[in-house]
Amino acid sequence: MGTDPIQLQLAHILGPDPTHFEALISHLMSSSNDERSQAESLFHLAKQTHPDSLSLALSRVLSSSPRPELRALSAVLLRKILTPAADSSLLFPLLAETTRASIKSALLSTLQTEQSKTNVKKLCDTISELASSIVAIGGWPELLPFLFQCVNSTNPSFQESALLIFSRLAQNGETSETLIPHLNTLHSVFFRCLSNPSSCDVRIAALSASVSFIQCISNGKDRDTFQDLLPLMMQTLTEALNSGLEATAQEALELLIELAGTEPRFLRKQIMEVVGSMLQIAEAESLEEGTCHLAVEFVITLAEARERAPGMMRKLPQFIKRLFGVLMNLLVDIEDESNWYNAETENEDAGETSNYGVGQECLDRLSISLGGNTIVPVASQLFPVFLAAAEWQKRHAALIALAQIAEGCSKVMIKNLEQVASMVLNSFQDAHPRVRWAAINAIGQLSTDLGPELQTQYHQKVLPALAGAMDDFQNPRVQAHAASAVLNFSENCTPDILTPYLDGIVSKLLVLLQNGKQMVQEGALTALASVADSSQEQFQKYYDAVMPYLKAILVNANDKSNRMLRAKAMECISLVGMAVGKDKFRDDAKQVMEVLMSLQGSQMESDDPTTSYMLQAWARLCKCLGQDFLPYMSVVMPPLLHSAQLKPDVTITSADSDADIDDEDDSVETITLGDKRIGIKTSVLEEKATACNMLCCYADELKEGFFPWIDQVATTLVPLLKFYFHEEVRKAAVSAMPELLCSAKLAVEKGQSQGRNETYIKQLTDYIIPALVEALHKEPEVEICGSMLDSLNECIQISGAFLDEGQVRCIIDEIKQVITASSARKQERAERAKAEDFDAEEGEMLEEENEQEEEVFGQVGDLLGTLIKIFKASFLPFFQELTSYVTPMWGKDKTAEERRIAICIFDDIAENCREAALRYYDTYLPFLLEACNDENPDVRQAALYGVGVCAEFGGSVFKPLVREALSRLDAVIRHPNALHSDNVMAYDNAVSALGKICQFHRDSIDAAQIVPAWLSCLPIKGDLIEAKLVHDQLCSMVERYDLGVIGTF
């Protein structure tokens, strides 16, 4: 019987003669695909069938091959086959004990003999990763003594290697625990190595190890013992700079940035010295740009470390002023290149340097992290100086900076709106086109960030200024940007503000549409679309003038260079159609849809913007035409589903690889996870998100007419509830769930369900609701959790009656989880509030974050209300489980909104469960009565409504509390400000509750006094729902000749 020739070949390769194995390793680097592929197959087979021999052969090459490139590859291959980074299973424990001992010994001995610096780094990686897998379980007892021996030796290379490995071990949660017992020894080691007078490499490795170790110490006191290293850590940076070693300095800066982001409070005691040094580097004109940028990044990172060191940087106003000056000077680095003027698209950024880009980004981040109270005073000092400068670059810089800080400083800037608006509008007359462009850019940004106050107070200045800028035919960039700014301004505009300017703006935009460059035409189309959208039916008078131009572009802009123009025309036509309505648009709509259908049938390139614009245009046309759109659905749906089903275009490389992912490519977003770098093509995700949103629009608009597509859409969107690559995709999928159920239910009810009955609704409910609950459990974003709770509530309102007990159980368990997670987030913020630098501005930001938690609890309350209304008394066992989660929300330490929601939940129980709810009265009624006189009117209203419900359904259980209830109601009704707009809803609910006591507890009150008092409060006019009930009650009493009522007339 013959032996397998491949196994013979393997035995030969792994035999005693090392040259054969070295040849295999060499072929793994071959430029010949065939040779490399054959070598890879043999290598993988060896790993599967002869792991011990393969590992030992690699160790031999590592320690004895004369070729440095083979030693390097062996180190990498050992790391890959022995550690679980590449495979989920760990090979090392499966090797023979003698093999494991040989490998560990070879790695450590080779580390001391290897001469190539690059190879030493690779060896350190291999040792670190293997150690991360086995040290914690006692698998390498020799390692730490060896490392301490190396780091205490006089050989700088040994010291550096040991420090690099210490750094890597500290970064791993399991191995870092094995270092903690050696805290004092490591402190001494790091201190000595950071002070090494002769080796810069040892100092930078010591810096890396110190940063990693400081981050892995969880005990604050232990961490503070390393404080005395900080001056030496900074000295490592300054010595590298003084020696002209900027690459080393940049490495040091990156390590210190990491420390600033993860342990900012470690820097607090020496913050003045550290930030001062960093700003000195940022201001140094002799240093490389990259070095200065990293110094700026360090200070910005500290400013952004709000969760770990709230308010710390706001305590250093002198440094903020210096940093702001540095960033302004970065913005001044811009060239007046001719390409900017001759550009074919608005995106052309000719003349903008890397300094300019860093300045823009950092101003935005700084203002968001520190807020307007800190930034605006500094900006107010610098901007006038820059705006008065002779150099156009400085004037330009001030306007760009103003636009960049607007988002973070919006609250403070709105209070100083006149000063801000004047500063920008004066620059509309600047002699330099790029400064005028920057002024228009600022107005566009301010329209978004300071709206609608800017629109309301300054429309009479801003809109004429933008109209004037559209006349600048010498500078198409300025014209196009003015049109774009009209879009920003009108988005936050009400029709009554916009209408007086429509004649002028529309006529100017039509001129640009006919005479401008393509870029200007595109801007004009976008502006027209936005103006139509904002002015709605007021746009009808311009329809006949505008639509012919739009249709002409749609039909004639056919070549590749005009693709975006045609796409914008589509957008404009569909928004104009929606604005003017179906009757006005109907005749043109047919012609437009024929053009869209022919385009849809044509072959389009993958980067053609038409696809995305067309998806949105179809959906708007559907919204405009309603059920008349149904005949086109068979054309629209196939490509829409195709776009919604697009797979994310993902590239994965190792974090230290230079290959495959192009960081400069704007269409690719990169994130680093562990040792992997993931690149995701954003254009694919954006098309997918658009398509998912459009599917939701169709279901919402067409209702039962959407029935034929429910199955396909549900199976497409339900899995996307957990699509973590893109938030907008998840949001669209979440929004679509109730729309699909509603469409199915209406179709069944109206007999348009193709023979399907309620069984189909049950099946769809069983598919959607558990998936939504599971997605809610895994959702990382609080805002999307809120959307999911809303969606779940709507779904249950539509088809909750089909839920079985197990499904309700899952929902209740998830509600518990949501409340627990929300409480934990609030507790974490409360801890932040105890920080030494916590200030009023941090408090304001924290309050905003907590408001989001209130919204989540409100959504939980609404969801419980729906379940209570559907299941009534049978829901009470579930409610009983939730009491320990809901009852604490009645506490005085909770916010008014939390108390209101908790009261509303009990109100729902009392109203819908009636007699079955009586057992809760003893617990909740005392709270309810006390809350009737709460200082917050919304809490009072909820409590007073609840008293009315309990009076109606509480019978003998409520009877003993009638007197106290009357006293509480009287205090509300007789309050001097009872009918103030803030209080009227509570007043009306008090009157309603009083009426119910009159009706259901007449024998417990002095009717001769109370009934006339109640009648004297009528009619009530604030709460229309209660008003109808109260007035109906009065009519009933009159009809049955109630003496208490009749006797008062």
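Brief notes about the packing of aromatic side chains
With the rule as written, the count across this model stands at 24 aromatic pairs. Residues Phe190 and Phe226 carry aromatic rings whose centres are separated by 6.5 Å and whose planes lie at 50° to one another, so their mutual orientation is tilted. One end of the pair, Phe190, is in helix H11 (residues 183–194); the other, Phe226, is in the loop between helix H13 (220–224) and helix H14 (230–242), with 36 residues separating them in the sequence. Judged by its relative accessible area of 1%, Phe190 is buried. On the accessibility criterion, Phe226 (0% relative accessible area) is buried. Ring geometry for Phe906 and Tyr921: centres 6.1 Å apart, planes at 75°, overall edge-to-face. Here Phe906, found in helix H44 (residues 896–913), pairs with Tyr921, found in helix H45 (residues 921–931); they are 15 residues apart in sequence, far enough to count as distant. When its relative accessible area of 1% is taken as the criterion, Tyr921 is described as buried. Cluster of aromatic residues (ring-pair linked, three or more members): Phe879, Trp890, Phe906, Tyr920, Tyr921, Tyr924 and Phe927. When the ring centre of Phe386 is taken as origin, the NZ or CZ atom of Lys394, which lies over that ring, is 5.7 Å away. Across from the ring centre of Phe723, 5.2 Å away, lies the NZ or CZ of Lys688, which sits over that ring.

Points about the packing of helix H30 (residues 518–535) against helix H32 (residues 563–580)
One can describe the packing of H30 onto H32 by two numbers: an axis separation of 8 Å at closest approach and a directional angle of 15°. Classified by the angle their axes make, H30 and H32 are roughly parallel. Crossing of H30 against H32: the hand is left-handed. Of the residues in H32, those in contact with Gln518, Gln521, Glu522, Leu525, Thr526, Leu528, Ala529, Ala532 and Asp533 of H30 are Met564, Leu565, Lys568, Ala569, Glu571, Cys572, Leu575, Val576 and Ala579.

Some thoughts on the nonpolar core
Core analysis: the biggest nonpolar cluster contains 372 residues, and Phe324, Phe629, Tyr698 and Phe706 have the highest contact counts within it. If we skip the residues at most four places from it in the chain, Phe706 touches Met633, Met637, Leu695, Tyr698, Ala699, Val713, Leu740 and Ser743.

A short note on the environment of Leu1024
Here Leu1024 is to be found in helix H51 (residues 1024–1039). Taking C-alpha positions, Leu1024 is 9.1 Å from Asp988, a pair spaced 36 residues apart along the chain.

So, unusual backbone geometry
The step from Gly451 to Pro452 runs through a cis peptide bond, and the omega angle for that step is 0°. Its location among the elements puts Pro452 in the loop between helix H25 (433–449) and helix H26 (453–469). In this chain, Leu1018 is followed by Pro1019 through a cis amide linkage whose omega measures -5°. As for its position among the elements, Pro1019 is in the loop between helix H50 (1007–1016) and H51. Phi at Lys872 is positive, roughly 50°, even though this residue is not glycine.

Things to note about the pattern of salt bridges
Per the stated rule, a full pass over the model turns up 55 salt bridges. One salt bridge connects Glu283 with Arg322, and the closest N-O pair in it is separated by 2.8 Å. On the criterion of sequence distance, the pair formed by Glu283 in helix H16 (residues 271–283) and Arg322 in helix H18 (residues 317–331) is long-range, its members being 39 residues apart. Judged by relative accessible area, Arg322 falls into the partly exposed class, the value being 29%. Between Asp700 and Lys623 there is a salt bridge, with the nearest N and O atoms lying 3.6 Å from each other. Of this pair, Asp700 sits in helix H36 (residues 682–702) while Lys623 sits in helix H34 (residues 610–625), placing them 77 residues apart in sequence. Taking relative accessible area as the criterion, Asp700 reaches 27% and is therefore assigned partly exposed. Lys623 sits in the partly exposed class, given a relative accessible area of 35%. Three or more residues are tied together by salt bridges with common partners; here these are Arg79, Asp125, Glu129 and Arg168.

Side note on the side chain of Glu114
Along the chain, Glu114 turns up in the loop between helix H6 (97–113) and helix H7 (117–134). A polar contact is formed between the side chain of Glu114 and the side chain of Arg71, at a distance of 2.8 Å. Apart from residues no more than four positions distant in its own chain, Glu114 is found in contact with Leu62, Arg71, Asn119, Val120 and Leu123.

Remarks on the side chain of Thr716
Examined against the element boundaries, Thr716 turns out to sit in helix H37 (residues 710–717). Of the residues examined, Thr716 reaches a relative accessible area of 9% and is grouped as buried. A distance of 2.8 Å separates the side chain of Thr716 from the backbone oxygen of Gln712, its partner in a polar contact. Ignoring any residue separated from it by four or fewer positions in sequence, one finds Thr716 in contact with Leu641, Ala644 and Gln645.

What counts and what doesn't
- Residues numbered from 1 in each chain as written.
- Predicted model: local features only at pLDDT ≥ 70, side-chain atom pairs only at ≥ 80, totals over all residues.
- Heavy atoms only, no water.
- Phe/Tyr/Trp six-rings, centres within 6.5 Å; stacked < 30°, edge-to-face > 60°.
- Helix = DSSP H or I, 4+ residues; strand = E, 2+ residues; numbered from the N terminus.
- Buried < 20%, exposed > 50% of the residue type's maximum accessible area, 1.4 Å probe, protein only.
- Lys NZ or Arg CZ within 6 Å of the ring centre and 35° of its normal.
- Axes fitted to C-alpha atoms, helices over the stretch in contact; angles between N-to-C directions.
- Parallel < 35°, antiparallel > 145°, perpendicular 65-115°, else oblique.
- Left-handed = near helix turned anticlockwise from the far one by under 90°.
- Contact = heavy atoms within 4.5 Å.
- Core = buried A, V, L, I, M, F, W, Y, C linked by side-chain atoms within 4.5 Å.
- Salt bridge = Lys/Arg side-chain N within 4 Å of Asp/Glu carboxyl O.
- Polar contact = N/O pair within 3.5 Å; in protein donor to acceptor, adjacent residues only side chain to side chain.

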